[in-house]
Amino acid sequence: MVKSVKELAKILIDAKTRYECLAHVFDTMVINAGSSNAEIVQARIDAVGRTYLSLKERLDYMQKDMATSSEIKDFTDSLDLFTAQLTALENATTENSSK
């Protein structure tokens, strides 16, 4: 049983370190085993020539990039809507003050 928060933190850090080590070993095994398939090797290189260690790494990068692009689009759409509402409010205020 865990006796303190400090002890729990140490256990979690150890577990994270072990996970990262195992993930690195697994990635290395996949890279070394998969290099014989020309299609996989070719898929590790994107359209601008950036090379990734694994196809998974490339797909993960693309997914994060797409998520970021989507978030930026959502933000700009919200900003456009806010700008339109602000303009309408300014126009309404100007019309009311001129009466």
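Residues numbered from 1 in each chain as written. Predicted model: local features only at pLDDT ≥ 70, side-chain atom pairs only at ≥ 80, totals over all residues. Heavy atoms only, no water.

Peer 1: What's the story with the overall build of the protein in this structure? I'm lost.
Peer 2: Counting its secondary structure elements, the protein contains 3 helices and 0 strands. Rg of the C-alpha trace for the protein: 26 Å, well past the compact-globule value of 13 Å for 99 residues, more than 25% over. Counting only C-alpha atoms, the protein reaches 75 × 55 × 15 Å along its principal axes. Among the 99 residues that make up the protein, the fraction classed as buried is 6%. In the structure as shown, the protein presents an accessible area of about 8800 Å², 64% of it carried by carbon and sulfur atoms. (Helix = DSSP H or I, 4+ residues; strand = E, 2+ residues; numbered from the N terminus. Rg over C-alpha atoms; globule rule 2.2 N^0.38 Å. Buried < 20%, exposed > 50% of the residue type's maximum accessible area, 1.4 Å probe, protein only. Areas by Shrake-Rupley, 256 points an atom, 1.4 Å probe, with all protein chains shown as cover.)

Peer 1: It is not clear to me how a nonpolar patch on the surface should be interpreted in this structure. Could you clarify?
Peer 2: Together, F75, L79, F82, L86 and L89 line one region of the surface with nonpolar side chains, adding up to about 510 Å² of accessible area. Mapped onto the secondary structure, L89 falls in helix α3 (residues 55-98). Judged by its relative accessible area of 53%, L89 is exposed. (Patch = residues over 30% accessible without salt bridge, like charges linked within 9 Å, V, L, I, M, F, W, Y side chains within 5 Å. Salt bridge = Lys/Arg side-chain N within 4 Å of Asp/Glu carboxyl O.)

Peer 1: It is not clear to me how the packing of aromatic side chains should be interpreted in this structure. Could you clarify?
Peer 2: Here a ring pair, both rings aromatic, is described through the centre-centre distance and the interplanar angle of the planes. The tally for this structure, following the rule as stated, stands at 1 aromatic pair. Seen in terms of ring centroids, Y52 and Y61 are 5.7 Å apart; in terms of plane orientation they differ by 45°. Their pairing is tilted. Accessibility expressed as a relative area gives 7% for Y52, which makes it buried. Residue Y61 is classed as partly exposed on the basis of its relative accessible area, which comes to 40%. (Phe/Tyr/Trp six-rings, centres within 6.5 Å; stacked < 30°, edge-to-face > 60°.)

Peer 1: Would you mind showing me how to read the pattern of salt bridges here?
Peer 2: Side-chain pairs of opposite charge can arise whenever the charged atoms involved come near each other. As enumerated under the stated definition, the model contains 5 salt bridges in all. Ionic pairing is found between E20 and K16, a salt bridge with its closest N-O pair at 3.1 Å. Of this pair, E20 and K16 both sit in helix α1 (residues 5-34), 4 residues apart, roughly one helical turn. A relative accessible area of 41% means that E20 is categorised as partly exposed. Given the relative accessible area of 52%, K16 is considered exposed. Across the pair D60 and K56 runs a salt bridge, and its minimum N-O distance is 2.6 Å. Linking D60 with K56, this pair stays in helix α3, spanning 4 residues, or about one helical turn.

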